[in-house]
Every structure is written in structure tokens, then in C-alpha cells.
Amino acid sequence: MGLVSMNFECVVVGAGPSGAAAALAAARRGLDVVLLDGATFPRDKTCGDGLTPRGVHALRQLGIIDVLPEYRNNGLKLHGYGGSVTAPWPDGHYGQEGSAMPRELFDDALVHQARTAGAQVWEGCPATDVEFTDGRITGIVTPQGVIRPKWVIVADGVRSPFGKLLGRTWHKGEVYGIAARSYCASPLSDEPWMHSHVELRDSEGEIQPGYGWIFPLGNGEVNLGCGALSTSDRPAKINTKKLLSQYAEHVREEWDLGPEQRVTSAMLPMGGAVSNVAGANWMLIGDAAACVNPLNGEGIDYGLETAQMAVNRLGTESDFTLTWPFALREAYGEAFVLARTAARLLTYPKFLPLAGPVALRGPVGAALMPAAARLMGNLITDEDRDLIARTWRTAGKAVSAFRRDTPLWSVE
Ligand SMILES: Cc1cc2nc3c(=O)[nH]c(=O)nc-3n(C[C@H](O)[C@H](O)[C@H](O)COP(=O)(O)OP(=O)(O)OC[C@H]3O[C@@H](n4cnc5c(N)ncnc54)[C@H](O)[C@@H]3O)c2cc1C
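Looking at an unreviewed UniProt entry, one finds the protein named Geranylgeranyl reductase family protein and attributed to Corynebacterium breve.

A. Region of interest: the pairing of strand 16 (residues 211–216). The buried count for strand 16 comes to five of six residues, which makes it a mostly enclosed element. The pairing of strand 13 (residues 194–197) with strand 16 spans three bridges and is classified as antiparallel. Counted as the bridge partner of Ser-196 is Trp-213 from strand 16. Bridging between strand 16 and strand 17 (residues 221–230) involves six bridges; their strand directions are antiparallel. Opposite Phe-215, over in strand 17, you have Asn-223 as the bridge partner. Taking the residues that link successive antiparallel strands as the turn, the strand 16-strand 17 hairpin has four residues, and the phi of Gly-218 there is positive, at about 70 degrees.

B. How the structure looks around the environment of Arg-72. Assignment of secondary structure puts Arg-72 in the loop between helix 2 (53–61) and strand 4 (75–80). As a C-alpha pair, Arg-72 and Trp-193 span 121 residues in sequence and 8.5 Å in three-dimensional space. Ignoring sequence-local partners within four residues, the contact set of Arg-72 consists of Ile-65, Glu-97, Gly-98, Ser-99 and Pro-192. There is a polar contact of 2.5 Å between the side chain of Arg-72 and the side chain of Glu-97.

C. Spatial organisation of unusual backbone geometry. The amide bond that connects Phe-41 to the next residue, Pro-42, takes the cis arrangement and shows omega of 0 degrees. Relative to the elements of secondary structure, Pro-42 occurs in the loop between strand 2 (33–36) and strand 3 (50–51). A positive phi angle, near 50 degrees, is found at Asp-134, a position not held by glycine. Of note, Asp-134 is situated in the loop between strand 8 (129–133) and strand 9 (136–142). Note on Asp-134: relative accessible area 77%, which makes it exposed. One non-glycine residue with positive phi stands out, namely Asp-256, at about 50 degrees. If you trace the backbone, Asp-256 turns up in the loop between helix 5 (240–255) and strand 18 (261–268).

D. Focus on the pattern of salt bridges. By the definition in use, this model includes 12 salt bridges. Between Arg-115 and Glu-123 there is a salt bridge, with the nearest N and O atoms lying 3.0 Å from each other. The exposure class assigned to Glu-123 is partly exposed, which follows from its relative accessible area of 25%. As a salt-bridge pair, Arg-252 and Glu-260 come within 2.6 Å of each other at their nearest N and O atoms.

E. Representation of the packing of helix 2 against helix 6 (residues 300–313) within the structure. Put simply, helix 2 and helix 6 touch, their axes get as near as 8 Å, and they point 30 degrees apart. One element, helix 2, and the other, helix 6, form an angle in the roughly parallel class. Crossing angle aside, the handedness with which helix 2 passes helix 6 is left-handed. Of the residues in helix 6, those in contact with Arg-54, Gly-55, Ala-58 and Leu-59 of helix 2 are Asp-301, Tyr-302, Leu-304 and Glu-305.

F. Summary view of the nonpolar core. Core analysis: the largest hydrophobic core is formed by 101 residues, its most contacted members being Leu-36, Ile-140, Trp-324 and Trp-409. With eight residues, helix 1 (residues 17–28) is the largest single contributor of residues to this core. Non-local contacts of Trp-324, meaning those with residues more than four positions away in its chain, are made with Val-277, Ala-278, Met-283, Leu-284, Ile-285, Thr-306, Met-309, Ala-310 and Arg-313.

G. Looking closely at the packing of helix 1 against helix 6. The geometry of helix 1 relative to helix 6 is characterised by a closest axis approach of 8 Å and an angle of 30 degrees between their N-to-C directions. In terms of orientation, helix 1 and helix 6 fall into the roughly parallel class. Pair helix 1 / helix 6 crosses with right-handed handedness. Facing Pro-17, Ser-18, Ala-21, Ala-22, Ala-25 and Ala-26 of helix 1, the residues of helix 6 in contact are Ile-300, Gly-303, Leu-304, Ala-307, Gln-308 and Val-311. Its residues assigned to classes, the contact of helix 1 with helix 6 shows nine nonpolar, three polar and no charged.

H. Structural context of the packing of aromatic side chains. Within this structure, the stated rule accounts for eight aromatic pairs. Measuring from ring centre to ring centre gives 5.2 Å for Tyr-302 and Phe-336, while their planes differ by 70 degrees; the resulting arrangement is edge-to-face. Of this pair, Tyr-302 sits in helix 6 while Phe-336 sits in helix 7 (residues 323–345), and the two are 34 residues apart along the sequence. When its relative accessible area of 0% is taken as the criterion, Tyr-302 is described as buried. Judged by relative accessible area, which is 1%, Phe-336 ranks as buried. Through pairs of rings, three or more aromatic residues link up here, namely Tyr-302, Tyr-332, Phe-336 and Trp-409. Here Lys-172 stacks its cationic end above the ring of Trp-170, 4.6 Å away from the centre of that ring.

Cut-off values and rules
- Residues numbered from 1 in each chain as written.
- Predicted model: local features only at pLDDT ≥ 70, side-chain atom pairs only at ≥ 80, totals over all residues.
- Heavy atoms only, no water.
- Buried < 20%, exposed > 50% of the residue type's maximum accessible area, 1.4 Å probe, protein only.
- Helix = DSSP H or I, 4+ residues; strand = E, 2+ residues; numbered from the N terminus.
- Pairing = 2+ DSSP bridges.
- Contact = heavy atoms within 4.5 Å.
- Polar contact = N/O pair within 3.5 Å; in protein donor to acceptor, adjacent residues only side chain to side chain.
- Salt bridge = Lys/Arg side-chain N within 4 Å of Asp/Glu carboxyl O.
- Axes fitted to C-alpha atoms, helices over the stretch in contact; angles between N-to-C directions.
- Parallel < 35°, antiparallel > 145°, perpendicular 65-115°, else oblique.
- Left-handed = near helix turned anticlockwise from the far one by under 90°.
- Core = buried A, V, L, I, M, F, W, Y, C linked by side-chain atoms within 4.5 Å.
- Nonpolar A, V, L, I, M, F, W, Y, C, P; charged D, E, K, R; others polar.
- Phe/Tyr/Trp six-rings, centres within 6.5 Å; stacked < 30°, edge-to-face > 60°.
- Lys NZ or Arg CZ within 6 Å of the ring centre and 35° of its normal.

Structure representation (C-alpha cells):
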């Protein structure tokens, strides 16, 4: 096909949950929108497939809760160091319903919703280059031709190849995740709890610097994976796929697991540790903007939330260069910097073996862990007035003031 020009009010690059939600919201606002993805759907995405109540709430806000299967989970069970703690989802702003769904199906369902709302969806159509005029994006080069956008929302995921063309930089001196996932058949697939193991050992019994998860999917399978936190100074020295198979062996009998299938690994950006996330007429959202919770690796909810936030700004401002990073900092800054600072502790090899037994055993664990699960899930809002919420907010303000220079959607 020869090169042609096409005009759209809103171009969304990347059709994962963030981009599909943005295209859906933009189409609902009556904008002329095209959603581009280099892949064709359904496509797989390496993920734990878990949704905390925050994610379920975001789907409800977008009016697409029906994409979820019936399966619901009630909270988190943490295991390790001789203890286990059950932490139900708190009765707060986001409600108490979590869920899970394989990304191959979830993402396809969201793209379908965007299309139904009126967005054009161009699959197998990567954005490969960009043209600027007076600092604004005026052309997006694709195999189908050059698209002429009024506004651009960039949702191209962790590596953000299109974002890179716009100057997006990922700061790996801050905590990021490396993780692998698999699918295993299990008769316990309807178990209504997400499980996390914080004591992982290799075949020699040596403690490994990582954590494992089993997220039941309610479809005869569980998503089983493991991950570790890393920084460029202290890279996690683990082979995630090997650790995954050791972890699966460890829990196989308890869960009556079938063999690990479709094993894949990926990195996770975290806690806003990227710079240059906006320009005059463009904004980065979701993983491209490192909107992932550093304490639990959850990013679908932030992808959905930032999609709606970005679309709400279209037409209200003439230049997003400073206002978009400011909006992200307002919404997530303190919580992310605090979580990133706490997560950094986990990159010290000796931290978990020392802290784990105290946190997970006996009365201290029983008292602490429900609060920790609430913090890990970022399930605290400004409206919550209880002691844990107030303490978390105060700590967030203090740590943010102390770490003023940390990269947080900075403008360079
Ligand atoms: C191992 C692992 C486990 C995880 N577990 C969870 C979990 O349980 N719960 C949770 O909430 N989060 C989890 N996450 C994080 C979650 O997967 C991400 O936060 C989420 O996928 C972000 O969605 P997104 O739409 O921003 O990006 P993606 O889902 O990565 O979508 C980006 C899309 O952009 C497309 N694209 C890329 N470049 C271009 C281009 N140039 N042109 C056009 N299209 C392009 C890609 O094909 C892709 O479809 C996990 C991540 C990992 C790695």
C-alpha cells in the first residue's frame, strides 16, 4: 500500500489495557479515534493476570465490568518463614472484589469494547516513526501510511519503543521488577484467594531473593509465577524461569499442579521512574509511564486509571508537557515514592530472611499483615481516615520531601 495521510482527533499507540481503555473513553467522548497495535489480537502478554479491587473498580468506572468472568477473589494469602497470613481485601473505597483473567482473553475483550464504542482499531500496525512541527506531533508513521493526529496517547508498554522516539527515559537506578509466569492446570483453580510466597528456595535449599505467586483463574488453571526486585546497582542475580520451575515443584503436591505451560518472562517498570512522559499534544500512560505499584507489580489498574485521566484532559489544555507529569505526581507520587523506597529494602539479600519470620509468624504477623496487604495493594485513598491510612499518607509526604530529587515523571 502506498503512503497515505489520515487525520484523527485522537491516536492511541498500543492496545493493551491502557490503550484500549483510552480509545474507549475517547470514543465515548465523541472523538474520532484510532487505536494502533503492532500485534494482532488475541495476543498474549506476560502477566500474573490478577486484579485487586482497585482494578475491578477501574473496570466498573469505565462501564466494562462485564468483560470479567464470574471468578472473584477475596484477598491475599501470604506464606513463608514458617507462617501464613490471610489478608481479606479491606472494606474501603474500591470495594472488596478482586478477580483474575488470562491476559490473552482480557486484552482482546477490552479491544472489542473500544471498537464497539466507535474507535477504529488497526491491528498489525506498529507506529514506527514520528514527525514534529513546532514541538507538536503532526505525523505518526505506520505501514498503513502517515497518520495526522490532533492528540496522541502513548500506551506502548514497558519498553515503550514509540515513547523512546519522543524522549521517554527509564531510570533503572530505581527499583524495577524481573518476573516469569506460567499456566498450570489445578483442581484448586476456583480457590477464592490470591497466594504469594515470600520464601523461595533453590534446589539446594538456599533462599533466593524473590517471591512467588499463584493466582487462581477459575477456569481449571492457575497463573503461577515468580519475580524479584532489582536496581542497576543491585541487579537480582536469578534466572526467573529456573526459579519458577523450582517454585512449581515446591507447591506441586499442595495444588495438584499439572506441568508449567507457556512459560514467559518480562521486566516491569515501577513507581513512575521514567522521565519525559508528555509533550505539547501527547501523553504517556500505563507501563509506558511506569505506572506500576512497586510493592506488588500491579499495573493494569493504573493503566485503566491513567487512560481515563489522559482522555479527560484532551481539549482542556493547549500543552501537556508540564501538566501531565504534574497530574501523575498529584495522583500517585507520594504513594509510589514511598512504595519504591520500601521495595528497595527487598533488593538487599539479607532483608527478607531477617524480616520475613517476624512479619509472617505469630501475633505480630496476624496484626501487621492485613495492613501490609492494604498498603501493598495501594488500596488506600485520600478519603480513608483510619490510623493506617493517616500513617501511610504522613510517611508518603515525609519520604517524598526527603527524596525530592528522585526521578518521578521528571521533565528533562
Ligand atoms: C510477570 C508479570 C506479572 C504481572 N502481574 C500483574 C498482575 O497480576 N496484575 C496487574 O495488574 N499487573 C501485573 N503486571 C503488570 C501488567 O502486566 C502491566 O502493568 C500492564 O500490562 C500494562 O498495560 P499497558 O496497556 O500499559 O501495556 P501492555 O499491556 O504491555 O500493552 C502495550 C501494547 O503496545 C503495543 N505496542 C508496543 N509498541 C508499539 C508500537 N510501536 N506501535 C503500536 N503498538 C505497539 C504492544 O504490542 C502491546 O499490545 C505484571 C507484569 C509482569 C511482567
